[in-house]
Structures are given as structure tokens and as C-alpha cells.
Amino acid sequence: MSSQDQHKGLAIVTGASRGIGAEYAQRLASRGYPLLLVGRDKTRLQQVSEHISRDHHVKVIIECLDLSIVGAAHQLFALAQKSKTPVDILINNAGFGMYGTFSDMPMTRIREMLQLHITTVVESTRLFLPTMIERRSGAIINVASVAGFLPIPYMAEYAATKAFLISFSEALAEEVRESGVTIQTCCPGSTETNFHNTAGYRPTNPLGSQTAQEVVQASLTGLDKHRSRITVGWQGWLSDRFLRFLPRTLLIQMVGKQVKPRTRD
Ligand SMILES: NC(=O)c1ccc[n+]([C@@H]2O[C@H](COP(=O)([O-])OP(=O)(O)OC[C@H]3O[C@@H](n4cnc5c(N)ncnc54)[C@H](OP(=O)(O)O)[C@@H]3O)[C@@H](O)[C@H]2O)c1
């Protein structure tokens, strides 16, 4: 462990086995944070950990945990307590996309998404936040999406869970504004990760896509400035500013037409 670790509390990253989460882990390691990395894929978590350990002298704990099961937040909290290191940063990043007609979606998968994107994040925040407030320092980053800016047909529950996260996180950010704790909602646009393979949908986004590096750079630079809402690049800025001014019904119809599964035409 380097001398840097002794001054930093733990940074927890959920969904750290790949994509945006793995990039958060790398960047936080380069800032000297000891890490608790969580996901379900042990091999990938080990790879991320080995990669970090090659470049940085920080302690890395990896834990396999399915965050879509009831009680997962309490398990995460217990793991953090076991490390006996105060938690400086919690990044609720784990998530997945789901694409198709809602009435055909498997109920188990819907429940998994609600649990992972909403219940586990809310419970984790409730568990970790009080100590941060007591210590008058710390940060929680909830990774939402530009998909949370508007209802998206054929990705209805995904967009709705991300809208929940935005509303929840921004309200909390105001509650804790003078407490020394930062709550950030990170809203990436379409990002080049495995996300679209899992979702079974690759958007033809006229605004193009971003890299995980760009997302995390924007998020952590925003964290340094205690910013509560992060979008990425000019595309994110544009979506955030303009979507709210367009007539909502028309917008949903347009998005629905673009996203609609082709086989149903
Ligand atoms: N990529 C995009 O276009 C995009 C855009 C906006 C927002 N986002 C958001 O960014 C976050 C990260 O996504 P990504 O793009 O990095 O996708 P990704 O490459 O598919 O990574 C998803 C991560 O979430 C973890 N995960 C999924 N289900 C989990 C569960 N039940 N328990 C624990 N971990 C779980 C996965 O780990 P295991 O496989 O090891 O479980 C993986 O590490 C998500 O919240 C996503 O909604 C992505």
C-alpha cells in the first residue's frame, strides 16, 4: 500500500468488471483511492484488479455480488465495514439495458432491473450517506443516463428507472448541499461498452457515441467541482438543454418511431 492510500478512504464501484465501472476503478486508483470493486463476473473483476495493480499501488478488494437480489445493499455495506476503511466515494454504476415491447418482457428481468437500478441504489445511499454526513465529507455518484431525460418506448422501464435516479439524486444533492457531501447524477449518452450487447439494441444515434474514458473524465472532473448533474460532451449538453423545450407527446412519438423494433413494422 502506498502512502497515498493512508490518506484516502475507500472508493466503492459497483459494476466494475467492465465498461464505465472498470474505467471509474482505473481513474480512482490513479487518484490513490483504495478500491472495493463489485460485480458478478469474478474473472473479469480479477482482470480489472490485476490491470490496476500493475499501474497503481493501491489496495484493491474484489467481491462477487449480485446487486439485483433483495438485501444486496446490506451485503455491500457489510463488505465495506469489513474493510475497516471509511468510505469516501460510492459509485452506483451497475446496470443493464433491456429492449423490446414491454408486454413481452420477462417479469423476472423487469424485477431484476427495478431492484438493481432503484432499490439497491436507494438502500445503499441510505446506508452509506449518514456516516459521510457525520464526517462532513464523501461523495455518492449515481450513474443514470440521458435516457432518463425522456420516456423511451421499447425501453420504457430502463428510461423510467434512470428518470427515477435523476430525480432522487438531484433532490438528495440539495438536501446535503451544506453537509460537505456531494451527490452526483452522471448522465452518459450512448457509450461504447458491452451495454448494447446486453440490451440487444444498438442505437443509430445521430449525435454519435462516447467512450467510457470520456464519461468518467467528465464525472470525476465534475466531482472535483462538486457538480450535482453531469452530462458528457456537447451531445450531452445539447440533450439536456433542448429536450425539455420540445413538445413532449411529439417527442415521445418521434423517439418511439426511431426505436421501434424493425420486425414489427
Ligand atoms: N453504455 C451506454 O450507452 C450507457 C449510457 C448511459 C448510461 N449507462 C449506464 O452506465 C452504467 C454502466 O454500464 P456500461 O455501459 O459500463 O455497461 P456494461 O459494459 O454492460 O457494464 C455493466 C456493469 O454492470 C454490472 N452489473 C450488471 N448487472 C449486475 C448485477 N445484477 N449485479 C452486479 N453487477 C451488475 C456488470 O457486471 P457483471 O457482468 O460482472 O455482473 C458490469 O460490470 C449502467 O448503469 C448503464 O445503465 C450506459
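Structural data are supplied above this passage.
Residues numbered from 1 in each chain as written. Predicted model: local features only at pLDDT ≥ 70, side-chain atom pairs only at ≥ 80, totals over all residues. Heavy atoms only, no water.

Engineer: Could you clarify how one ought to interpret the nonpolar core in this entry?
Structural biologist: The tendency in soluble globular proteins is for nonpolar side chains to be buried as a group. Ile12, Phe128 and Ile152 are the most contacted members of the largest nonpolar core, which has 50 residues in total. For this core, the secondary-structure elements that each account for two or more residues are strand E1 (10-14), strand E2 (35-39), helix H3 (72-82), strand E4 (87-92), helix H4 (107-135), helix H5 (156-175), strand E6 (181-187) and helix H9 (248-259). At 8 residues, H4 tops the list of elements feeding residues into this core. Counting residues in each nonpolar core, the second largest holds 30 residues, with Ala11, Tyr24, Ala25 and Ile52 among its members. (Core = buried A, V, L, I, M, F, W, Y, C linked by side-chain atoms within 4.5 Å. Buried < 20%, exposed > 50% of the residue type's maximum accessible area, 1.4 Å probe, protein only. Helix = DSSP H or I, 4+ residues; strand = E, 2+ residues; numbered from the N terminus.)

Engineer: In this structure, what is going on with the environment of Thr231? I would like to understand it.
Structural biologist: Among the secondary structure elements, Thr231 is positioned in strand E7 (residues 229-231). The class for Thr231 is buried, based on a relative accessible area of 14%. For the pair Thr231 and Ile252, spaced 21 residues apart in sequence, the C-alpha to C-alpha distance is 21 Å. With near-sequence residues (within four places) excluded, Thr231 lies in contact with Phe149, Cys187, Ala218, Gly236, Trp237 and Asp240. (Contact = heavy atoms within 4.5 Å.)

Engineer: How should I be thinking about the side chain of Thr120 in this particular structure?
Structural biologist: Along the chain, the position of Thr120 falls in helix H4. The class of Thr120 is buried, set by a relative accessible area of 6%. If sequence neighbours within four positions are ignored, Thr120 has contacts with Leu67, Ala72, Ala73 and Gln115.

Engineer: I tried to follow the packing of H3 against H4 on my own but got confused; where do I start?
Structural biologist: Helix-helix packing is characterised by the crossing angle of the two axes and by the distance between the axes. Between H3 and H4, the least distance of the axes is 8 Å, while the angle of their chain directions is 35 degrees. Handedness of the crossing formed by H3 with H4: right-handed. Where H3 abuts H4, its residues Ala72, Ala73, His74, Leu76, Phe77 and Ala80 lie against Thr120, Glu123, Ser124, Leu127 and Phe128. Of the residues that constitute the contact of H3 with H4, the class distribution is 7 nonpolar, 3 polar and 1 charged. (Axes fitted to C-alpha atoms, helices over the stretch in contact; angles between N-to-C directions. Left-handed = near helix turned anticlockwise from the far one by under 90°. Nonpolar A, V, L, I, M, F, W, Y, C, P; charged D, E, K, R; others polar.)

Engineer: Just checking my understanding: could you explain H4 for this structure?
Structural biologist: Since the α-helix packs 3.6 residues into each turn, any two residues three or four apart lie on the same face. With 29 residues, H4 extends 41 Å between its outermost C-alpha atoms, agreeing within 8% with the 42 Å of an ideal straight helix rising 1.5 Å per residue. The largest bend in H4 comes to about 40 degrees, at Gln115. (Expected span 1.5 Å × (residues − 1). Bend = angle between axes of the 7 residues up to and from the residue.)

Engineer: Could you clarify how one ought to interpret unusual backbone geometry in this entry?
Structural biologist: Note: most peptide bonds trans; most residues except glycine with negative phi. A positive phi angle, near 55 degrees, is found at Arg136, a position not held by glycine. The backbone of Tyr154 sits at a positive phi, close to 70 degrees, despite the residue not being glycine. Note that Tyr154 resides in the loop between strand E5 (138-143) and H5.

Engineer: How do you make sense of the packing of aromatic side chains when you look at a structure like this?
Structural biologist: The description of an aromatic ring pair uses the distance of the two centres, along with the angle that the planes make with each other. Tallied over the entire structure, the rule returns 4 aromatic pairs. Seen from their ring centres, Phe77 and Phe128 are 5.1 Å apart, and the 80 degrees between their planes marks the pair as edge-to-face. In this pair, Phe77 is assigned in helix H3 and Phe128 in helix H4, connecting sequence segments 51 residues apart. By the burial criterion, Phe77 is buried, and Phe128 matches it. On the basis of an interplanar angle of 55 degrees and a centroid distance of 5.4 Å, the ring pair of Tyr158 and Phe195 is categorised as tilted. On the criterion of sequence distance, the pair formed by Tyr158 in helix H5 and Phe195 in helix H6 (residues 195-199) is long-range, its members being 37 residues apart. Across from the ring centre of Tyr33, 4.7 Å away, lies the NZ or CZ of Lys8, which sits over that ring. Between the NZ or CZ atom of Arg109 and the centre of the ring of Phe96, over which it lies, the distance is 3.9 Å. (Phe/Tyr/Trp six-rings, centres within 6.5 Å; stacked < 30°, edge-to-face > 60°. Lys NZ or Arg CZ within 6 Å of the ring centre and 35° of its normal.)

Engineer: Would you mind showing me how to read the pairing of E1 here?
Structural biologist: Looking along a regular strand, one sees the side chains alternate between the two faces of the sheet. Counting buried positions along E1 yields 5 of 5 residues, so the element is predominantly enclosed. Residue alternation in E1 divides its side chains into two sets, Leu10, Ile12 and Thr14 and Ala11 and Val13, and both sets are buried. Two strands pair when backbone bridges link them, and E1 and E4 are joined in this way by 4 bridges, in the parallel orientation. Residue Val13 lies in a different strand from E4, and its bridge partner there is Ile91. Bridge count between E1 and E2: 4 bridges; the pairing is parallel. (Pairing = 2+ DSSP bridges.)

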